[in-house]
Amino acid sequence: MIRLKERLAAHKSNILKKWFDLIVDTYPYDSSKYLKNVKNRFGNPVGSTISMEIEKLYDELLGDMDSGKIFTSLDSIIKIRSVQEFTASEAVAFVFMLKSAALEQLRGDLKEEGMLADWLAFESRIDKLALQAFDSYADSRERIFDIRVREIRRKAELVMMDRINMPRRAKE
Amino acid sequence: MSIFYSLLAITVLILIPIVGVGGLGWRYLFGVIIPYAAFGLFIIGIIYRILLWAKVPVPFKITTTCGQQKSLPWIKNSKLEAPPNSFWTAMRMSSEVLFFRSLFRNSKAQLKPGPKLVYGSGILLWLGAICFHYSFLVILIRHFRFFIGPTSKFIEIVSGLDSFFQIGLPILYITDLVILIALTYLLLRRFLSPQLKYISLAADYFPLFLLLCIALSGTTMRYFTRIDIVAVKELGMGLAGFHPVIPDNLSLMFFIHIFLVSSLIAYFPFSKLMHMGGIFLSPTRNMANDNRKRRHINPWNPKVEVHTYEEYEDEFREVMKNAGLPLEKEE
Amino acid sequence: MAKDKIAKPEELADGINYTPPKKDWFDPKVEFVRGRYNYASTPSGLEYLGLPNPRKWQPDQEDWKLPKDWQKIVLKGFKERLAKFRSFKIFMDICVRCGACADKCHFFLGSGDPKNMPVLRAELLRSVYRNDFTAFGRVLGKLAGGRELTVDVLKEWFYYFYQCTECRRCSVFCPYGIDTAEITMMARELLSLIGCTIDWITTPLANCYRTGNHLGIQPHGFKDSIEFALDDLYDLTGLKIEAPINKKGAEILFIVPSADYFANPHYFGFLGYLALFHEIGLDYTFSTYASEGGNFGLFHSHDMAKRLNAKMYAEAKRLKVKWLLGGECGHMWRVVHQYMDTMNGPADFLEEPISPITGTKFENAKSTKMVHICEFTSDLIYHNKIKLDPNRNNHWRVTFHDSCNPARGMGLLEEPRYILRSVCNNFYEMPEDTIREKTFCCGSGAGLGTDENLEMRLRGGFPRANAVKYVHDKHDVNLLTCICAIDKATLPALMDYWVPGVEVGAIHELVGNALVMEGEKRDTDFRGNRFIGPPEAQPKEGKENV
C-alpha cells in the first residue's frame, strides 16, 4: 500500500476538503455553508469538530490504525450526529464518503500497475473504520438512554415526595 | 421568486417615467406633483408610524445587559454595556446609532486552531452597513445645495471633504463610489450566502435594488451625461419655495432619478427602512439597567388572581401545626 | 480492464443522495420525533390554574383538539399584545434580516436546522403578523412575506417556540436589540390561549401556585428538607446549626429555588448558604409559603409570572422582614431584577437593603429591595468578614458558566468571579466568545429541561459543552460552576454525554467548602471528598478527587 499511501498523503488537503464538504452537505442546504466556515472553533462547534477529527482519522488510515485514537475521533463526530436529525445509517455514512472523496482525486493514479490492489486494501481500512463507527453510534445512543434513565430515576425520586408530603403526627 | 418580483417592480418603476415623461411629456406631473405627494406621504407616514409605536406602552424594563451591572462600589461597572442611568443609556444608544456597536460585536477576533487570530466575516457586514449609511447621509447633505439659494458653508465643507482626492472631472465624490460598492456588497451577500438567501424576502431585495438604481442614475448624470445643474437647482429651489417651475433642459435620466427617489421616500415609512426610527424605541437598548434602583411603572399592570397566604394556611393548617410551624390562626 | 472497474464517485454512492432537498421556509411542515419535543400539558394542572382548553393530547398526534375558533382567539390575542407591548410591536416591524443573529443561537449551532436561526424563529410569527396586521401583507399576501395562520403554522410555532430557551444571546448581537426571548414569550402566550402548552411548565406552575414551590413540597415537607440538610451539616462539620422557618420579625427573608434543597448538585450549594449564614450570625428566615425562587410563570405568560411572584412581597410583608435575599437561580433573577417591582411593587413596606455584617448599602437594590446572594457574599469577602481557606477546594479545577439570565438580563458577571477567585486556587475561564454576555445557554432553560426532550437538549447544549471540553482538555477542569438551578439540573446530563469527567456545582458549594467555621471539625467537602490541602502536601501524580 506504500505507493497509494504516498499519493494519499500528497493529496491530503484536497481529499480532506472534499470529504469535509460531502459530510457537511448532509445538513440542510441553508446551514451547510455556515458549517463550512471552520475558522471559529467556538462559534461553529459542529463544523470545526468534523474538520478536526476527520483529519486525525485520515492520518490513522495512512498510519497505524491505532484503534484507541480512531475511536476517540469517530466518537467526537458520531456523538454529534447521533443527536441530530439523522437515522443510524445516515449518521455513520460519512465514513464511506471518504471513498468518493479519495477516488475523485486519485482515479487517474489507479490505472497504474498494482495500484488497484493498494486501493482495495485502503478500502478495507475504510470499511473497518465504518464498522467501528457503528459501534460508536450504538455506544452514543446507549449513553443517551442511560442519561435519560438517570434523569427519569431522579424524577422518580422527586415523586417520592408524595411520601414526604404525607401528613404525620407532631414530633415529640 | 422574491428576487424576480423585486426586479419586476423596479423595472416598472423605471418604465413609468420613461413613458410618462419621454412618451407623454407629463413633465409637471413627474417634476412637481409626484415629488410633492411623495414627500407629503413620507412626512405623514413617518409621523404616523412613530406615533403608532410611541402609543404602545412599555410595560417592563427589559434592558439587554452586555456588561457588568452597577452594584457594589468596588466592582467596575461597564457603563456603556449596562448603563446605570439615562445619561449612559443615551451614550449606549448613540454608540448604536452612530457606530452600529452591536453589529460590530460580530467581528471580534476569533481563535483559529493554530492558534491564529482571524476576523470573522462579520466585520464586512458592519463595514458595509457603516459605509452605506454614512455615504447616504453625506450624499443627502450634498443634495441640499439644490434646494437652498446661496450654498451654506456646511454643505461646502461636506462636499469639499467628499471630493478630497480631486480626481476626475467633474471631480469624483468619494461617497458616490463608496455607496455603490456598499450597496453591491449588501446585495451580493443576499445572493451568495445560502443562509441569507433563505431568510431574504422581496421586502429585502426591493429597497436594495431601488437604492442601487437611484445611485446609478444619479452618478450617470453627474459623471457621464452631464446634467444641467442650473436647471436642477431652479427646479429644486422652486419646489422648496412652493412656487415650482419646470425648466426646459432637464433630461429623461433626471426624471427617472427623481421618480425613483419619490418612490423611495413614499415607500420608506411603510417598510423595514423604518428601522431607523425603531432603534430609538427598542426597549432592550433604550432603557437603563437600574431596574432594582428605580421602579418601572406598567400602565396596564393587570390584576391577577393569586393564592394568598390565608388560603395556603387554611389548606395546610393541620400539617403545619403538626410540624410545629408558626400559624396566623390556630383554627 | 482496470479502467472499467473504477466507478465515478457519484456512481459509487449508488443513487444515495445525502444532501437534503432545498426547502423554502414558508413551508411549515414539522415532524414531531420522539426525543425532540416536550410532552403536552396534562389537563389537571391547567384546570387547577384556570387556564384554557384543558384536554388530553400530544404533539405527535394529528389532531390537537383545538377549540373551533382557535384562529380567531390567537389573532385576537396577537392584536392585543401588539397594543400592550412596544417591544413586540417594534420587533415585528424593524427587523431588516441582516443575518447578524443567524449563527448566534445554540440550537442552530448544535442542530444545523435553519429554522433555529433567531431571525427565522421570529419570522414564524412575523409572517403571520404581516399577513394579518400590515397593509402590504393584506394586499400582497405571500409576496409581502405574509403567511396565513394554519394548523401547520401553529404546529411549527409550538415546535420552534418550545425550542428556544429565551437566553437572549441573539439580542446582544442584533443592531436593533431585537430580543427573541421577548418574541418567544409572546408566542407562548398565544399558544397558551388555546391550551398548547407543555407539561414541564404547567405542572410545576400548578404545584407552585398551591404549595409555594414547583416540586409541590408541602410545609412540613419543606421543614423536613431543611432539617435533613442541618443534620447533614452536623455530620460534616460537627456544628449544630439552626435555620429559622416562617419566623416573624427576622431581618431578612431568604428565598431559593426549590431545587436547592432537594436536587443534586444544588443541595451542596444549599449547605453552603446554611453554613455561611450560621458563621456570620445572620438574622434571616426561610418561608414555606414563598419556598420557591424560580418562576416557571415566566416561561408561560406575564400574568402567570406575576401570579407566582406575588408571594415574595406578600410573605415579606407578613413576616415583617426588612429586605429580601435571593439564592442562585437564573430565571428567578430575571423576574426579580426586571419584573418583580413593576409587577408586584412598590415594596414600600420594606427597608433599603443594608448588609448587617458589613454595613454596605445595596444602592442598586434600593427600590426592589432584593439582593443577589453573590452580591451579598462578595461584599462579605471584600470586607474580610469571613475566613476562607481556598486550599480546601484544591481537588477542584474550576470553570464558571455564566447563566443566561444573570448575564444578559442583569449584568451579574464579576460578583461570582470575585467569589470564585477567593475560594479556590484553580479557576480557568472558558474562551472569550462563550462567557459573560456571550455565554452559551445550557440548552435546557425556559422549561425545556425534560428527559423526553433530551436529544434536543444535547444538541442545544453542544456549543456550551464544546467550550467546557476545551478547558477540560487544556487545564484539566473537573468542575463546572454556575448560579442557576436549571443549569445545575441539566448540565450534568450534558457533561455526561459531551465531556465525561466534569461535574457541576454551585458557587456557594465552594464557598461552603472554603469557609473556616468556628468550632468546626471537618476534613471533607460537602460531597465527602477529602480535602487535599495545599499543593506541597499533594502527591505529585494524579488527582485524588472522586
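Keep in mind it's a predicted model, so treat the numbers as computed, not measured.

A.B. asks: I keep staring at the overall build of chain C and nothing clicks. Help me out?
C.D. replies: From N to C terminus, chain C includes 22 helices and seven strands. Computed over its C-alpha atoms, the radius of gyration of chain C comes to 25 Å, within 12% of the 24 Å expected for a compact globule of 546 residues. The C-alpha extent of chain C, read off along each of the three principal axes, is 75 × 75 × 40 Å. The buried share of chain C, taken over its 546 residues, is 64%. The long-range fraction of contacts in chain C, counting pairs at least 24 apart against all pairs at least 6 apart in sequence, stands at 76%.

A.B. asks: Sorry if this is basic, but what is going on with the overall build of chain B here?
C.D. replies: Regarding its fold elements, chain B presents 13 helices and two strands. Whereas a compact globule of 331 residues would reach a radius of gyration of roughly 20 Å, chain B reaches 28 Å, over 25% beyond that. Across its three principal directions, the C-alpha atoms of chain B cover 100 × 55 × 45 Å. Once local pairs closer than 6 in sequence are excluded, the contacts in chain B between residues at least 24 apart make up 63%.

A.B. asks: Hey, could you run me through the interface of chain B and chain C in this one?
C.D. replies: How big an interface is tends to be stated in terms of the accessible area lost upon association of its parts. Tallying the contact residues gives 75 residues for chain B and 85 residues for chain C. Of all the secondary-structure elements, those providing two or more residues to the side of chain B that touches chain C are helix H4 (101–104), helix H8 (194–199), helix H9 (202–224), helix H12 (275–281) and helix H13 (309–322) of chain B. For the side of chain B that touches chain C, the element with the highest residue contribution is H13(B), accounting for six residues. Tallied by class, the residues present in the side of chain B that touches chain C amount to 41 nonpolar, 21 polar and 13 charged.

A.B. asks: Quick question: what am I supposed to make of the pairing of strand E6 (residues 479–482) of chain C here?
C.D. replies: Taken residue by residue, a regular strand's side chains alternate between the two faces of the sheet. Residues and elements named next belong to chain C. Neither face of E6 is left uncovered, since the one carrying Leu479 and Thr481 and the one carrying Leu480 and Cys482 both have all their residues buried. With three bridges connecting them, strand E5 (residues 398–400) and E6 associate as parallel partners. Counterpart to threonine 399 in the pairing with E6 is leucine 480. Note that the unit made of E6, helix H21 (residues 485–498) and strand E7 (residues 503–506) has a crossover that is right-handed.

A.B. asks: I'm lost on the domain arrangement of chain C in this one. Help?
C.D. replies: All names here are of chain C. Under the domain assignment used here, chain C contains domain 1 (43–197) and domain 2 (205–533). Computed from C-alpha coordinates alone, the two centres of domain 1 and domain 2 are separated by 32 Å. The interface is formed by 21 residues belonging to domain 1 together with 25 residues belonging to domain 2. Mapped by element, the contributors of at least two residues to the side of domain 1 that touches domain 2 are helix H3 (43–49), helix H6 (106–111), helix H10 (169–173) and helix H11 (180–193). Per-element tally for the side of domain 1 that touches domain 2: the top contributor is H6, with five residues.

A.B. asks: Looking at this structure, I do not really get the sheet that holds E5(C). What am I missing?
C.D. replies: Residues and elements named next belong to chain C. Taken in spatial order, the three strands make up an open sheet running E5-E6-E7, and their pairing is parallel. Each of the sheet's edge strands pairs with one partner strand only, and the pair in question is E5 and E7. Mean inter-strand twist for the sheet, computed between neighbouring axes without regard to direction, equals 35°.

A.B. asks: Which parts of the structure should I look at to understand helix H11 (residues 252–267) of chain B?
C.D. replies: Along an α-helix, residues three or four positions apart point the same way, because every turn accommodates 3.6 residues. All names here are of chain B. Along its 16 residues, H11 runs 22 Å from first to last C-alpha, staying within 8% of the 22 Å computed at 1.5 Å per residue. Burial in H11 covers these residues: Phe254, Phe255, Ile256, His257, Ile258, Phe259, Leu260, Val261, Ser262, Ser263 and Tyr267. Along its buried surface, H11 packs onto helix H1 (2–23), helix H2 (27–55), H9 and helix H10 (229–240).

A.B. asks: What am I meant to see in unusual backbone geometry here?
C.D. replies: A negative phi holds for most residues other than glycine; trans holds for most peptide bonds. Residues and elements named next belong to chain C. With an omega dihedral of 10°, the bond running from asparagine 264 to proline 265 counts as a cis peptide bond. Assignment of secondary structure puts proline 265 in the loop between strand E1 (252–255) and helix H14 (266–280). Note that the residue after glycine 345, namely proline 346, is joined by a cis bond; omega there is -5°. Counting through the fold element by element, proline 346 comes out in the loop between helix H16 (330–344) and strand E4 (370–372).

A.B. asks: In this structure, what is going on with the domain arrangement of chain B? I would like to understand it.
C.D. replies: Parsing chain B into structural domains produces domain 1 (2–300) and domain 2 (305–331). Relative to domain 2 of chain B, the C-alpha centre of domain 1 of chain B lies at a distance of 63 Å.

A.B. asks: I tried to follow the sheet that holds strand E3 (residues 323–326) of chain C on my own but got confused; where do I start?
C.D. replies: Sheet strands associate in pairs through backbone hydrogen bonding, adopting either a parallel or an antiparallel arrangement. All names here are of chain C. In space, the four strands of this open sheet follow the order E2-E1-E3-E4, with parallel pairing throughout. This sheet does not close on itself; its edge strands, each paired only once, are strand E2 (284–285) and E4. Across four bridges, the pairing between E1 and E3 is parallel. Bridged to leucine 253 within E3 is leucine 324.

A.B. asks: When you look at the pairing of E3(C) in this model, what are you seeing that I'm missing?
C.D. replies: Burial of the side chains of E3(C) extends over both faces: C:Trp323 and C:Leu325 are buried on one face and C:Leu324 and C:Gly326 on the other. Read from E3(C) through H16(C) to E4(C), the crossover connection turns out right-handed.

A.B. asks: How do you make sense of helix H9 (residues 151–161) of chain C when you look at a structure like this?
C.D. replies: When we look at burial in H9(C), the residues that qualify are C:Val153, C:Leu154, C:Trp157, C:Phe158, C:Tyr160 and C:Phe161. Looking at the buried side of H9(C), the elements it contacts are helix H7 (118–133) and H11 of chain C.

A.B. asks: I tried to follow the packing of H7(C) against H11(C) on my own but got confused; where do I start?
C.D. replies: A pair of packed helices is characterised by two quantities: the angle between their axes and the separation of those axes. Residue and element names in this part refer to chain C. Orientation of H7 relative to H11, taken along the N-to-C sense of each, is 30°, at an axis distance of 10 Å. By the angle between their axes, H7 is roughly parallel relative to H11. At the point where H7 passes H11, the crossing takes the left-handed sense. For the pair H7 and H11, the contacting residues are Pro118, Arg121, Ala122 and Leu125 in the first and Thr180, Ile183 and Ala187 in the second. Class assignment for the residues of the contact of H7 with H11 results in five nonpolar, one polar and one charged.

Rules used throughout
- Residues numbered from 1 in each chain as written.
- Chains lettered and ligands numbered in written order.
- Predicted model: local features only at pLDDT ≥ 70, side-chain atom pairs only at ≥ 80, totals over all residues.
- Helix = DSSP H or I, 4+ residues; strand = E, 2+ residues; numbered from the N terminus.
- Rg over C-alpha atoms; globule rule 2.2 N^0.38 Å.
- Buried ≥ 20, exposed ≤ 12 C-beta atoms within 10 Å, placed from the backbone.
- Contact = placed C-beta atoms within 7 Å.
- Nonpolar A, V, L, I, M, F, W, Y, C, P; charged D, E, K, R; others polar.
- Pairing = 2+ DSSP bridges.
- Right-handed = clockwise from strand over helix to strand, strands pointing away.
- Domains from an automatic or database assignment.
- Axes fitted to C-alpha atoms, helices over the stretch in contact; angles between N-to-C directions.
- Expected span 1.5 Å × (residues − 1).
- Parallel < 35°, antiparallel > 145°, perpendicular 65-115°, else oblique.
- Left-handed = near helix turned anticlockwise from the far one by under 90°.

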